[in-house]
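Residue strings, one per chain:
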Amino acid sequence: MTLTVAIQMDPIEKVRIAGDTGFSLMLEAQARGHTLFTYTPDKLTLRDGKVTARIKPVTVRDVEGDHFSVGAEERVDLSTLDVVLLRQDPPFDMAYVTTTHLLERIHPKTLVVNNPTEVRNAPEKILVTHFPELMPQTLITRDKAEIEAFRDEFGEIVMKPLYGHGGATVFKTGKDDPNFGSLFDLFAGIFREPWVVQRFMKEVSEGDKRIILIDGKAAGAVNRVPATGDLRANMVRGGAAKPTDLSKRELEICEAIGPTLRERGLLLVGIDVIGGNLTEINVTAPTGVRAIKKLGGPDLAAQLWDVIEAKK
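Note that the coordinates shown come from a computational prediction; the quantities given were computed from them, not determined experimentally.

A. Geometry of the nonpolar core. Residues Tyr39, Leu78, Leu103, Ile257, Ile271, Leu278 and Ile281 are the most contacted members of the largest nonpolar core, which totals 40 residues. For this core, the two domains that each supply at least three residues are domain 1 (4-115) and domain 2 (124-129 + 204-307). If we skip the residues at most four places from it in the chain, leucine 78 touches Tyr39, Leu44, Val51, Thr52, Ala53, Ile55, Leu103, Ile106 and Thr110. Within the second largest apolar cluster, 34 residues are counted, among which are Ile17, Leu111, Leu300 and Leu304.

B. Local environment of the packing of aromatic side chains. Taken as a whole, this structure holds seven aromatic pairs when the rule is applied. Where phenylalanine 150 meets phenylalanine 154, the ring centres are 4.8 Å apart and the plane angle is 55°; that geometry is what we call tilted. Residue phenylalanine 150 and its partner phenylalanine 154 are located together in helix α5 (residues 144-154), separated by four residues, close to a single helical turn. Accessibility expressed as a relative area gives 8% for phenylalanine 150, which makes it buried. The exposure class assigned to phenylalanine 154 is partly exposed, which follows from its relative accessible area of 24%. Judged by centre distance (5.6 Å) and plane angle (80°), the ring pair of phenylalanine 187 and tryptophan 195 falls under edge-to-face. Judged by its relative accessible area of 0%, tryptophan 195 is buried. Here the aromatic cluster, defined as three or more aromatic residues joined through ring pairs, consists of Phe171, Phe184, Phe187, Phe191 and Trp195.

C. How the structure looks around the packing of helix α1 (residues 21-31) against helix α9 (residues 300-311). Contact geometry for α1 and α9: axes closest at 9 Å, N-to-C directions at 65°. Pair α1 / α9 crosses with right-handed handedness. Between α1 and α9, the contacting residues are Ser24, Leu25, Glu28 and Ala29 on the first element and Ala301, Ala302, Leu304 and Trp305 on the second. In terms of residue class, the contact of α1 with α9 is made up of six nonpolar, one polar and one charged.

D. Molecular detail of the domain arrangement of the chain. By domain assignment, the chain separates into domain 1 (4-115), domain 2 (124-129 + 204-307) and domain 3 (137-200). Averaged C-alpha coordinates put domain 2 and domain 3 at centres separated by 24 Å.

E. Here's a closer look at the pairing of strand β2 (residues 35-39). Here β2 lies mainly inside the structure; four of its five residues are buried. Sheet topology note: the strand β1 (residues 4-8)/β2 ladder contains five bridges and is parallel. Bridge pairing links valine 5 to leucine 36 in β2. Regarding the hand of the β-α-β motif, the stretch spanning β1, α1 and β2 is right-handed. For β2 and strand β4 (residues 50-60), the ladder comprises two bridges, and the chain directions are antiparallel. Within β4, the residue paired with threonine 38 across the bridge is lysine 56.

F. Representation of the sheet that holds strand β15 (residues 240-242). Read from one edge of the open sheet, five strands run β15-β14-β13-β16-β17, paired in antiparallel fashion. Strands at the two margins of the open sheet, each flanked by one partner only, are β15 and β17 (277-282). Here the strands of the sheet are splayed against their neighbours by 30° on average, with no regard to which way each runs. Pairing of strand β13 (residues 208-214) with strand β14 (residues 217-225), which is carried by seven bridges, proceeds in the antiparallel orientation. Of the residues in β14, the one forming a bridge with lysine 209 is asparagine 223.

G. Molecular detail of the side chain of threonine 40. Structurally, threonine 40 can be placed in the loop between β2 and β3 (44-47). Residue threonine 40 is classed as buried on the basis of its relative accessible area of 18%. For threonine 40, the side chain forms a polar contact with the side chain of aspartate 42, separated by 2.6 Å. When sequence neighbours within four positions are dropped, the list of residues in contact with threonine 40 reads Met9, Asp10 and Pro11.

H. Summary view of the pattern of salt bridges. Under the definition given, this model contains 17 salt bridges. A salt bridge links arginine 32 to aspartate 306; its shortest N-O distance comes to 2.9 Å. Placement of the pair is arginine 32 in the loop between α1 and β2 and aspartate 306 in helix α9, with a sequence separation of 274 residues. Looking at aspartate 306, the relative accessible area reads 42%, which means it is partly exposed. Put simply, Glu28, Arg32, Asp306 and Glu309 are held in one network by salt bridges that share partners.

I. Structural detail: the layout of surface pockets. Approximately 250 Å³ is the volume attributed to the second largest pocket. As for the second largest pocket, its lining consists of 14 residues, of which Phe92, Asp93, Met94, Tyr163 and Glu193 are closest to the centre. Of the residues assigned to the lining of the second largest pocket, the class counts are nine nonpolar, three polar and two charged. Taken domain by domain, the makeup of the lining of the second largest pocket includes at least three residues from each of domain 1 (4-115) and domain 3 (137-200).

Scoring rules and cut-offs
- Residues numbered from 1 in each chain as written.
- Predicted model: local features only at pLDDT ≥ 70, side-chain atom pairs only at ≥ 80, totals over all residues.
- Heavy atoms only, no water.
- Core = buried A, V, L, I, M, F, W, Y, C linked by side-chain atoms within 4.5 Å.
- Buried < 20%, exposed > 50% of the residue type's maximum accessible area, 1.4 Å probe, protein only.
- Domains from an automatic or database assignment.
- Contact = heavy atoms within 4.5 Å.
- Phe/Tyr/Trp six-rings, centres within 6.5 Å; stacked < 30°, edge-to-face > 60°.
- Helix = DSSP H or I, 4+ residues; strand = E, 2+ residues; numbered from the N terminus.
- Axes fitted to C-alpha atoms, helices over the stretch in contact; angles between N-to-C directions.
- Left-handed = near helix turned anticlockwise from the far one by under 90°.
- Nonpolar A, V, L, I, M, F, W, Y, C, P; charged D, E, K, R; others polar.
- Pairing = 2+ DSSP bridges.
- Right-handed = clockwise from strand over helix to strand, strands pointing away.
- Polar contact = N/O pair within 3.5 Å; in protein donor to acceptor, adjacent residues only side chain to side chain.
- Salt bridge = Lys/Arg side-chain N within 4 Å of Asp/Glu carboxyl O.
- 1 Å grid on protein atoms, 1.4 Å probe; cavity = no way out; pocket = protein on both sides within 12 Å on 5 of 7 lines; lining within 4 Å.
- Points joined across faces, edges and corners; volume = space filled by probe spheres on them.

Here it is as structure tokens:
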């Protein structure tokens, strides 16, 4: 079976291929003989009910600095393609949301991975709150009095923007932190949305585990250990990737959320677990696939394409 596949992504020339999951999916698709195209979100158009994009045929190579070649741009009705991979990075802003409104016009005739309606309806830090029994104590608010009461209850807390990504603007603060007022003012001035406030988990020093689920089933994991002097374990923030196995608790978490992910058509999901606590369910452009394979884990790109091909 040969599929025509378009990847909605950030400019391919800016992709850091060493850790990019979207690029690993492109390599696997090409190896299977599928025809690849690429386009950026600004190339989408909706007219008279038809969704088109100006796309370019692309070939990819796992060579740093020489990782792609593209052909001439052409305007294509996306409903004539077999698959669209929704792989541009957050921020999950109105521009991102708008692309999901357009792409849902072609799904599922053209299989969009992940389901654009559910990507829109399942922001990473909100979807997770459907499973409070699996999470650390969590508050979503921009009410200062509520945050202060939460801080008084738990002592040390972590604050992060509701639609943030990649560990950006994540802060730890405590009861007697004289910087709390300034931190609150800074957040209030930058973000219009509520913030996520969670009980600080000291276990983060041992790692923030990224677990990949494919079609609702646990498929592989990598443990991300924060750099010395940093709270954040994200690899883009200097976290070190370490091989890992899944604990009984982590398998229970995957089994608990798996049916919901499968029902929503979220085929590729990355969850974050700290000390046995589920903190995020990442559905926009989850990462970790390349790191898992490089550390001797399973080939998750191949597993995902097996699922996609079975659905076509």
